[in-house]
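Listed below are the residues making up each chain.
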Amino acid sequence: MSWDNHFLDELGAEDLEALRPLLSPVSLERNQLVDEPGQIINTVYLPIDCVLSVVTVMRSGAQVESRTIGCESGYGLLSALGSPICFERMIVQIAGRAWAIPRMAMREAALKSPSLVSAIVQHGQATLVQTAQGIACNTLHSAEQRLCRWLLMTQDRIRADHLPLTQEHLSIMLGVQRTTVTAVASGLQQRGWISYVRGKIRVHDRPALERGACECYATVTTAQRAILDTES
C-alpha cells in the first residue's frame, strides 16, 4: 500500500505497523488555520495532496512565507520529539487530503523506536535546508526567479499542472505587494510559460520555468533528496 506521503512510505514495516492504527485521514480546506504562534501543537499532519504554508507574521501584520510542506514530509514531526509550542502561523495553502496523528501518540511511538526518531530527524533536516535556502533566495534573487521556484515546488507536491494559488498566497510566498505579483505573473504568461486567471495558474512549459528559476530550486530538491534517501 502506498500512503502517498514520503515520510510514511519510507518507514520500515515495524514502525509503520505501530503508526497505522493511530493515523486518521482528514480533509483540509484552503486558508484553514492549523496553528498560531504560542499555541500547543496537538496534531502531526502528513500531507497527501494538500500543501501547508509556514508563515512568519510581523508586529505590523506583514507576512512572509518561510517554507511549504507537502507530500514529501509532514508538519509537527519535530514537535513530537521536542517542544510542542508553535512559533509560526501554519495555514493550508492548497486544499486536499492528509494523514493526521496526535502529537503525543507520535511521541510515544518514537520513544520506543530509534529508527522512527531517525526518520523524524531526517525530515526535520530537510525542512531546515528549505528554510535556510529560502532566506538567501529572498535576499539575493528576483521576484520572477522566486516565483518560478515556488511554482515548481508546488507542482512537485500536488503532481498537477493546475495550481490553485491565489494572488494573496503568491504575495506572501514572495514577500512582495500584489501589484508585483500581477506584473511578474503577467510576464511569465506573455512568454507562454503559464496562464494565470483568477487565482488559478496552469503550467504550460515546465522546462522554461526550470530555466527561469534561480539555483535554489535545484539546491533544495537535491539536498532534500540526499537527506531523505540516506539510510539510517
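As the structure is a computational prediction, the values presented were derived from the model and not from experiment.

Caption draft 1: Region of the structure containing the overall build of the chain. Assigned secondary structure in the chain consists of nine helices and ten strands. On the principal axes, the C-alpha backbone points of the chain span a range of 55 × 40 × 30 Å. With 232 residues in all, the chain has 50% of them scored as buried. Within the chain, residue pairs in contact and separated by at least 24 positions form 73% of the contacts whose partners lie at least 6 positions apart. With the model as given, the accessible surface of the chain reaches about 11000 Å², and the carbon-plus-sulfur share is 53%. Each charge class in the chain can be summarised by its mean position, and for the 21 positive and 23 negative side chains these summaries are 7 Å apart.

Caption draft 2: Fine view of empty space enclosed by the protein. Throughout the structure, instances matching the rule amount to one cavity of 30 Å³ or more. Space inside the largest cavity adds up to approximately 40 Å³. At the level of secondary structure, the elements contributing two or more residues to the lining of the largest cavity comprise strand 5 (63–69) and helix 4 (114–140). Here the lining of the largest cavity takes four residues from helix 4, the largest share from any one element. Of the residues contributing to the lining of the largest cavity, the split by class is two nonpolar, six polar and one charged.

Caption draft 3: Local environment of the pairing of strand 9 (residues 194–197). Alternating positions in strand 9 separate cleanly, Ile194 and Tyr196 being buried on one face and Ser195 and Val197 remaining unburied on the opposite face. By the bridge criterion, four bridges tie strand 9 to strand 10 (residues 200–203) in an arrangement that is antiparallel. Looking at the pairing, valine 197 lines up with lysine 200 of strand 10. With antiparallel pairing between neighbouring strands as the criterion, strand 9 and strand 10 make up a hairpin whose turn holds two residues, including arginine 198 at a positive phi of roughly 50°.

Caption draft 4: Structural context of the pattern of salt bridges. This structure, assessed with the given rule, holds eight salt bridges. Salt-bridge contacts for arginine 89 lead to glutamate 36; the nearest nitrogen and oxygen are separated by 2.9 Å. Separated by 53 residues along the polypeptide, arginine 89 in strand 6 (residues 89–94) and glutamate 36 in the loop between strand 2 (33–35) and strand 3 (43–47) bring together distant segments of the chain. Glutamate 210 is the partner of arginine 206 in a salt bridge, and the nearest nitrogen-oxygen pair spans 3.0 Å. Here arginine 206 and its partner glutamate 210 are both found in helix 8 (residues 206–212), four residues apart, which amounts to about one turn of the helix.

Caption draft 5: Spotlight on the sheet that holds strand 3. Taken in spatial order, the three strands of this open sheet run 1-7-3, and their pairing is antiparallel. The two strands at the open ends of the sheet, each matched to only one other strand, are strand 1 (24–28) and strand 3. Averaged over all pairs of adjacent strands, the angle between strand axes in this sheet comes to 40°, irrespective of strand direction. By the bridge criterion, five bridges tie strand 1 to strand 7 (residues 96–102) in an arrangement that is antiparallel.

Caption draft 6: Local environment of helix 3 (residues 103–111). Within the sequence span of helix 3, burial applies to Arg103, Ala105, Met106, Ala109 and Ala110. Around the axis of helix 3, the buried residues are gathered within 165° of arc, so they sit on the same side. Looking at the buried residues of helix 3, the elements they touch are helix 1 (6–9), helix 2 (13–19), strand 3, strand 7 and helix 4.

Caption draft 7: Structural detail: the environment of arginine 178. Examined against the element boundaries, arginine 178 turns out to sit in helix 7 (residues 178–190). If we skip the residues at most four places from it in the chain, arginine 178 touches Gln167, Glu168 and Ser171.

Caption draft 8: Structural context of the nonpolar core. Within the largest apolar cluster, 30 residues are counted, with the highest numbers of intra-cluster contacts made by Leu147, Leu151, Leu170, Leu188, Ile194 and Leu209. The dominant element in this core, judged by the number of residues it contributes, is helix 5 (residues 143–158), at eight residues. Here leucine 147 is in contact with Leu170, Leu174, Val184, Ala185 and Leu188, once residues within four sequence places are set aside. Core analysis: the next-biggest nonpolar cluster, separate from the first, contains 21 residues, Phe7, Leu19, Ala119 and Ile120 among them.

Reading the values: rules and limits
Residues numbered from 1 in each chain as written. Predicted model: local features only at pLDDT ≥ 70, side-chain atom pairs only at ≥ 80, totals over all residues. Heavy atoms only, no water. Helix = DSSP H or I, 4+ residues; strand = E, 2+ residues; numbered from the N terminus. Buried < 20%, exposed > 50% of the residue type's maximum accessible area, 1.4 Å probe, protein only. Contact = heavy atoms within 4.5 Å. Areas by Shrake-Rupley, 256 points an atom, 1.4 Å probe, with all protein chains shown as cover. Lys, Arg positive; Asp, Glu negative; His and termini not counted. Charge placed at Lys NZ, Arg CZ, Asp CG, Glu CD. 1 Å grid on protein atoms, 1.4 Å probe; cavity = no way out; pocket = protein on both sides within 12 Å on 5 of 7 lines; lining within 4 Å. Points joined across faces, edges and corners; volume = space filled by probe spheres on them. Nonpolar A, V, L, I, M, F, W, Y, C, P; charged D, E, K, R; others polar. Pairing = 2+ DSSP bridges. Salt bridge = Lys/Arg side-chain N within 4 Å of Asp/Glu carboxyl O. Axes fitted to C-alpha atoms, helices over the stretch in contact; angles between N-to-C directions. Arc of directions from axis to C-beta. Core = buried A, V, L, I, M, F, W, Y, C linked by side-chain atoms within 4.5 Å.

Such coordinate-based values are descriptive only and should not be taken to indicate function.
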